[in-house]
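Descriptive structure summary
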Amino acid sequence: MDDIDAVTRAVLTASRLLVALSARSLAAVEDRVTLPQFRLLVVLSAEGPAKLVALADRLGVNPSTAMRMMDRLIAAGLADRQVNPDNRRETVLRLTTEGRRIVEDVTAQRRKEIGAIVERLDPVQRAALVDALAAFTEAGGEPAVPDRDGELYPLGWSDLGPRPGH
C-alpha cells in the first residue's frame, strides 16, 4: 500500500498545480463566464450543437440548471439556440464565434503554461511523464486527447467521469 499512497500523494500534488493553471487561464474571462458556464462552453466546443437534455446529462446537472446557464451564455453572446435541422420540433444549442474564441483563448493560455513547465523537464522525464499520465487517464476511463490542437478538450475532460463501458 505504501506505493499506492506515494503515487496518490504525487497525483494530488500535481492536481493542485493543474487546478492553479486552469484557474489562471480562466482569469482572463472570469468577468464574462463562471467555471460551470465555461464547462458548458467546453462541452459544446468538443461535441458540437446539442439538445438541452443531452447537455445537462453531460454536465451532471438537471435540465433547469443547464437552461439557466445557457440563458446567461446566450445573453452574453457566447451561445445561441437554433432549430434542429434534423427535427424541426427540436431546438439545439451551439457556440457562437465569440464563445468558440473564449474556449480557444483559455485553451491556448493553459497549453502555454503547461508547455513552459514541461520544457523544464529533461527528455527522459518527459517520456516517463507521458507514459505515466497515459496509464493514469486510461485507468480512469478518460479517452485520449487527439493530437490535433483543434480537437482538444480544453479543460482536459470529456465528461464528469468514465463513459459507460469503460
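Refer to the structure above for everything that follows.
Throughout this description, residue numbers start from 1 for each chain and increase along the sequence as written. Local features in a predicted model are, by the rule used here, given only for residues with pLDDT of at least 70; side-chain atom pairs are given and counted only at 80 or more, and totals for whole chains, interfaces and linings are based on all residues. The side-chain values count all of the structure's non-hydrogen atoms but skip hydrogen atoms and water molecules.

**Some words on the overall build of the protein**
The test is simple: We count a stretch as a helix when DSSP gives it H or I for four or more residues in a row; a strand needs E for two or more, and each element gets its number in order from the N terminus. For the exposure calls, accessible area comes from a 1.4 Å probe over protein chains only, and a residue counts as buried if that area is under 20% of its type's maximum, exposed if over 50%, partly exposed in between. Contact between two residues is taken to exist if any of their heavy atoms lie within 4.5 Å; hydrogens are not considered. Here the open area of atoms and residues is found with the Shrake-Rupley method and a 1.4 Å probe, where only the protein chains shown may cover a residue.
In terms of helices and strands, the protein carries six helices and two strands. Secondary structure elements of the protein occur, N-terminal to C-terminal, as α-α-α-α-β-β-α-α. Out of the 166 residues in the protein, the part that is buried amounts to 28%. In the protein, 54% of the contacts between residues at least 6 apart in sequence involve partners at least 24 apart. Total accessible area on the protein stands at roughly 10,700 Å², and carbon and sulfur atoms take up 58% of it.

**Points about the packing of helix α3 (residues 52–59) against helix α4 (residues 63–75)**
Counted only if it meets this: Note on method: axes are straight lines fitted to C-alpha atoms, helices fitted across the in-contact stretch only, with angles between N-to-C directions ranging 0 to 180 degrees. Angle categories are assigned with fixed cut-offs, so that under 35 degrees is roughly parallel, over 145 is roughly antiparallel, 65 to 115 is roughly perpendicular, and the rest are oblique. Any residue outside Ala, Val, Leu, Ile, Met, Phe, Trp, Tyr, Cys, Pro, Asp, Glu, Lys and Arg is labelled polar, Gly included; the first ten of those are nonpolar and the last four are charged.
In contact at an axis separation of 8 Å, α3 and α4 are set at 105 degrees when each is read in the N-to-C sense. For the element pair α3 / α4, the angle class is roughly perpendicular. Residues L52, L55, A56 and L59 of α3 touch α4, and the partners they reach there are P63, A66, M67, M69 and M70. Residue composition of the contact of α3 with α4, by class: nine nonpolar, no polar and no charged.

**Considerations on the nonpolar core**
Keep this limit in mind: By nonpolar core we mean a set of buried residues, namely Ala, Val, Leu, Ile, Met, Phe, Trp, Tyr and Cys, connected to one another through side-chain atoms within 4.5 Å.
In terms of nonpolar packing, the biggest core is built from 25 residues, with F38, L40, L41, L55, M70 and L73 touching the most fellow members. At the level of secondary structure, the elements contributing two or more residues to this core comprise α2 (35–47), α3, α4, β2 (87–95) and α5 (97–119). Broken down by element, this core gets its largest block of residues, six residues, from α2. Contact partners of L40, with chain neighbours within four places excluded, come to L55, L59, A66, M69, M70 and L73.

**Thoughts on the pairing of strand β1 (residues 79–84)**
The criterion, for reference: Strand pairing is assigned whenever DSSP identifies at least 2 bridges connecting the two strands.
Looking at chain direction, β1 and β2 are connected through six bridges and run antiparallel. Paired with N84 across the bridge in β2 is N87. Count of turn residues in the β1/β2 antiparallel hairpin: two residues.

**Some thoughts on the side chain of T107**
Heads up, the condition is: Two N or O atoms count as a polar contact when they lie within 3.5 Å, although within protein this holds only if one can serve as hydrogen donor and the other as acceptor, and sequence-adjacent residues are included solely when both atoms are side-chain atoms.
By the element assignment, T107 lies in helix α5. A residue is classified by how much of its surface remains accessible, and T107, at 14% relative accessible area, is buried. Engagement of the side chain of T107 in a polar contact is seen with the backbone oxygen of V103, the distance being 2.7 Å.

**Topic: the pattern of salt bridges**
We apply this condition: When a carboxyl oxygen of Asp or Glu lies within 4 Å of a side-chain nitrogen of Lys or Arg, that pair is called a salt bridge.
In total, this model carries eight salt bridges according to the counting rule given. In this structure, E98 engages R101 in a salt bridge whose closest nitrogen and oxygen atoms are separated by 2.6 Å. Of this pair, E98 and R101 both sit in helix α5, three residues apart, which is roughly one turn of the helix. A network of salt bridges, in which partner residues are shared, links R32, E98, R101 and D105.

**Points about the packing of α2 against α4**
Interhelical geometry of α2 versus α4 gives an angle of 85 degrees and a closest axis separation of 10 Å. Taken together, the axis directions place α2 and α4 in an arrangement best described as roughly perpendicular. Packed against α2, whose contacting residues are P36, Q37, L40, L41 and L44, the element α4 presents A66, M69, M70, R72 and L73 at the interface.

**Re α2**
What counts, and what does not: An expected span of 1.5 Å times one less than the residue number is assigned to each helix.
Relative to the 18 Å expected for 13 residues at 1.5 Å per residue, α2 spans 18 Å between its end C-alpha atoms, a close match to the ideal helical length. Looking at α2, one finds that the buried residues are Q37, F38, R39, L40, L41, V42, V43 and L44. Those residues of α2 hidden inside the fold are in contact with α1 (2–27), α3, α4, β2 and α5. A positive phi of about 85 degrees marks G48, the residue just after α2.

**Considerations on α4**
The criterion, for reference: To be clear, the arc concerns the directions from the helix axis to the C-beta atoms.
Here α4 contains 13 residues, and its C-alpha end-to-end distance of 18 Å stays within 8% of the 18 Å for a straight helix at 1.5 Å per residue. Within the sequence span of α4, burial applies to A66, M69, M70 and L73. Seen along its axis, α4 keeps its buried residues to an arc of 100 degrees; they face one direction. Tucked into the core, α4 has its buried residues touching α2, α3, β1 and β2. Immediately downstream of α4, the backbone of G77 shows phi near 80 degrees, a positive value.

What is shown is where atoms sit, not what they do.
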